[in-house]
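Each chain is listed here by its residues.
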Amino acid sequence: MPSLRSRTLLAAIWALFALSLAWSARAAERPRLTIYTASQKEQVAATEAAVARLVPEADIAWVRASTGIITNRVLEEGRLPKADMIFGLSASSMLVLKQAALLEAYRPEGVEQIRSSFLDPNAPYSFTGMDVYFPVICMNVEQAKRDRVASPMLWRDLADASLKGRIVMAHPGSSGTGYGLVAGWLQSMGEAAGWAFMDALHENVDLYLHTGSAPCLDVARGEHLLGLGLDMRAAVEKARGAPIETIIPLDRVGWDLETFGIIRGTPHLALAKRIADWAVTREANEIYAQSYSIVAHPGARIPAAIALSHAEARMAKVSLAWMAENRERVIAEWVRRYDAKAAPR
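Owing to the predicted nature of the structure, the values given are computational and were not obtained by experimental measurement.

(A) The side chain of Ser93, seen in detail. As for its position among the elements, Ser93 is in helix α4 (residues 91-99). Excluding its chain neighbours within four sequence positions, the residues that come into contact with Ser93 are Thr67, Thr71 and Arg327.

(B) Looking closely at helix α9 (residues 231-239). The element α9 is largely enclosed, with a buried count of 7 among its 9 residues. Looking at the packing, one finds that the buried side of α9 touches α2 (41-54), β4 (127-133), β5 (135-140), α8 (214-220), β8 (226-230) and β9 (244-247). Residue Gly241 follows α9 closely and has a positive phi angle near 100°.

(C) Representation of the packing of aromatic side chains. Counted by the stated rule, this structure contains 9 aromatic pairs. Ring centres of Trp62 and Phe87 lie 5.9 Å apart, and the angle between their planes is 70°; this geometry places the pair in the edge-to-face category. Taken together, the residues Trp62 in strand β2 (residues 59-64) and Phe87 in strand β3 (residues 85-90) connect sequence positions 25 residues apart. Comparing Trp62 with Phe87 shows no difference in burial state: the two are buried. Grouping aromatic residues by their ring pairs yields a cluster made of Trp62, Phe87, Phe260, Trp278 and Tyr288. The ring of Tyr36 has Arg73 lying over it, and the distance from NZ or CZ to the ring centre is 5.5 Å.

(D) Representation of the sheet that holds strand β7 (residues 205-209) in the model. The strand order across the open sheet formed by 5 strands is β7-β6-β8-β5-β9, and the pairing between neighbours is mixed. On the outer flanks of this sheet lie β7 and β9, each paired with one strand and no other. Averaged over all pairs of adjacent strands, the angle between their axes in this sheet comes to 25°, without regard to strand direction. Pairing between β5 and β9: 4 bridges, direction antiparallel. In the sheet register, Cys138 faces β9, and the bridge partner there is Thr246. Along the sheet, α9 makes contact with β5, β8 and β9, crossing β8 at roughly 115°.

(E) Looking closely at the side chain of Thr47. By the element assignment, Thr47 lies in helix α2. When sequence neighbours within four positions are dropped, the list of residues in contact with Thr47 reads Trp62, Phe87, Trp278 and Ile287.

(F) Region of interest: the pattern of salt bridges. Following the criterion strictly, the structure yields 17 salt bridges and no others. Taken together, the salt bridges that share partners define one network made up of Glu42, Arg233, Glu237 and Arg240.

(G) Representation of the sheet that holds β4 within the structure. Strand order in the open sheet formed by 5 strands is β2-β1-β3-β10-β4, and the pairing between neighbours is mixed. Both outer strands of the open sheet, β2 and β4, are each paired with one neighbouring strand and no more. Neighbour-to-neighbour, the strand axes of this sheet turn through a mean angle of 15°, independent of strand direction. In this sheet, β3 lies alongside strand β1 (residues 32-37) in parallel orientation, the contact comprising 2 bridges. When the sheet's bridge partners are listed, Ile35 is paired in β3 with Met85.

(H) Looking closely at the nonpolar core. Within the largest apolar cluster, 103 residues are counted, with the highest numbers of intra-cluster contacts made by Phe87, Phe134 and Leu228. Top element by residues in this core is helix α12 (residues 320-338). It accounts for 8 residues. Once you skip the residues sitting within four places of it in the chain, Phe134 turns out to touch Gly229, Leu230, Asp231, Ile248, Val253, Gly254, Trp255, Ile294, Leu308 and Ala311.

(I) Up close: the pairing of β4. The element β4 is largely enclosed, with a buried count of 7 among its 7 residues. As judged from the 6 bridges shared by β4 and strand β10 (residues 256-262), these two strands associate in the antiparallel manner. Across the sheet, residue Thr128 finds its bridge partner in β10, namely Phe260.

(J) Inspection of the packing of helix α6 (residues 176-189) against α12 at higher detail. At a minimum axis separation of 10 Å, α6 and α12 run at an interaxial angle of 100°. Judged by the angle between their axes, α6 and α12 are roughly perpendicular. From α6, Tyr179, Gly180, Val182, Ala183, Leu186 and Gln187 reach across to α12, where they touch Trp322, Met323, Asn326, Arg327, Val330, Ile331 and Trp334. Its residues placed into classes, the contact of α6 with α12 shows 9 nonpolar, 3 polar and 1 charged.

(K) Geometry of the environment of Leu257. On the secondary structure map, Leu257 appears in strand β10. Each C-alpha atom, one on Leu257 and one on Ser66, is 15 Å from the other, the two residues being 191 residues apart in sequence. Sequence-distant contacts of Leu257, defined by excluding residues within four places in its chain, comprise Leu89, Ser90, Ala91, Ser117, Phe118, Asp131, Val132, Tyr133 and Leu320.

Calculation rules
- Residues numbered from 1 in each chain as written.
- Predicted model: local features only at pLDDT ≥ 70, side-chain atom pairs only at ≥ 80, totals over all residues.
- Heavy atoms only, no water.
- Helix = DSSP H or I, 4+ residues; strand = E, 2+ residues; numbered from the N terminus.
- Contact = heavy atoms within 4.5 Å.
- Buried < 20%, exposed > 50% of the residue type's maximum accessible area, 1.4 Å probe, protein only.
- Phe/Tyr/Trp six-rings, centres within 6.5 Å; stacked < 30°, edge-to-face > 60°.
- Lys NZ or Arg CZ within 6 Å of the ring centre and 35° of its normal.
- Pairing = 2+ DSSP bridges.
- Axes fitted to C-alpha atoms, helices over the stretch in contact; angles between N-to-C directions.
- Salt bridge = Lys/Arg side-chain N within 4 Å of Asp/Glu carboxyl O.
- Core = buried A, V, L, I, M, F, W, Y, C linked by side-chain atoms within 4.5 Å.
- Parallel < 35°, antiparallel > 145°, perpendicular 65-115°, else oblique.
- Nonpolar A, V, L, I, M, F, W, Y, C, P; charged D, E, K, R; others polar.

Here it is in structure tokens:
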């Protein structure tokens with residue numbers, strides 16, 4: 001017959017086993033929500049914390065990659081999606097996904113409180129804007145002062161022969177910022193003049209980098225004089241003390257919206273709708289405003305370190321529908337012409 005000590009130990013083991021089974025059962029009961037995002041790491045971290053508080057009953061996995069990768073992944077997964085939501089992807093990409101019937105039709109509650117320009121313009125309502133992002137020129141002011149280089153104020157200034165090998169740019173095939181640059185030039189200059197400009201610019205580009213943040217980070221580190229990259233990264237790095245100047249060219253810049261939407265076929269539609277409803281609130285927009293100078297909610301406060309003067313005035317007149325319809329064609333032509341200088345992935 002087992003001793004009292006043995007019986008006590010055995011009882012403790014069985015109790016731990018039962019507790020482990022209970023924990024496993026609870027974990028199995030928790031719905032797992034997968035969210036794809038192309039937002040910047042800082043924004044994802046803040047949003048992730050807020051969403052976790054909003055739906056504590058869910059186990060949420062955030063999968064982050066650049067715009068081109070997320071867009072292509074959702075297209076490839078098609079009607080067998082591996083994610084439930086997209087939170088932070090360009091409107092031009094969302095239009096592609098909507099055209100492929102891969103987005104759930106849902107108009108968030110409270111959406112009327114945000115600016116109308118951030119709303120899906122066509123039925124069925126499938127995505128909502130969060131903030132505006134656009135490419136800028138980042139210049140290393142220490143190098144510019146040393147080499148007596150004037151700030152480029154027009155896009156054509158970047159084609160000057162003195163800048164050969166001193167420019168990095170976001171790759172339009174992988175970066176939404178890069179595609180915004182190319183689409184903005186083609187729409188504002190006209191296609192023939194736009195491609196001619198990019199031919200001249202290409203002579204001065206050293207590398208095409210695969211994220212929108214990479215060019216301004218590169219310039220902040222002093223690796224190149226000029227970078228064509230994401231406005232948010234330029235503002236953040238300058239606020240951190242990097243020796244960079246942020247330039248929005250006088251001849252205007254292309255732009256896009258960062259958006260969210262629900263992927264069609266999600267088994268967790270009710271949870272996804274709760275997150276979508278929260279995403280249009282002032283609270284959510286205060287998070288976006290920590291990274292971007294133009295957000296959807298008019299009541300959100302923009303920190304002085306993030307605000308970019310003349311940003312809205314220098315946004316070019318672009319068609320997001322054109323960007324969606326021509327994305328595949330434009331990127332294919334760009335790759336044919338310039339991909340030899342793409343950085344290794």
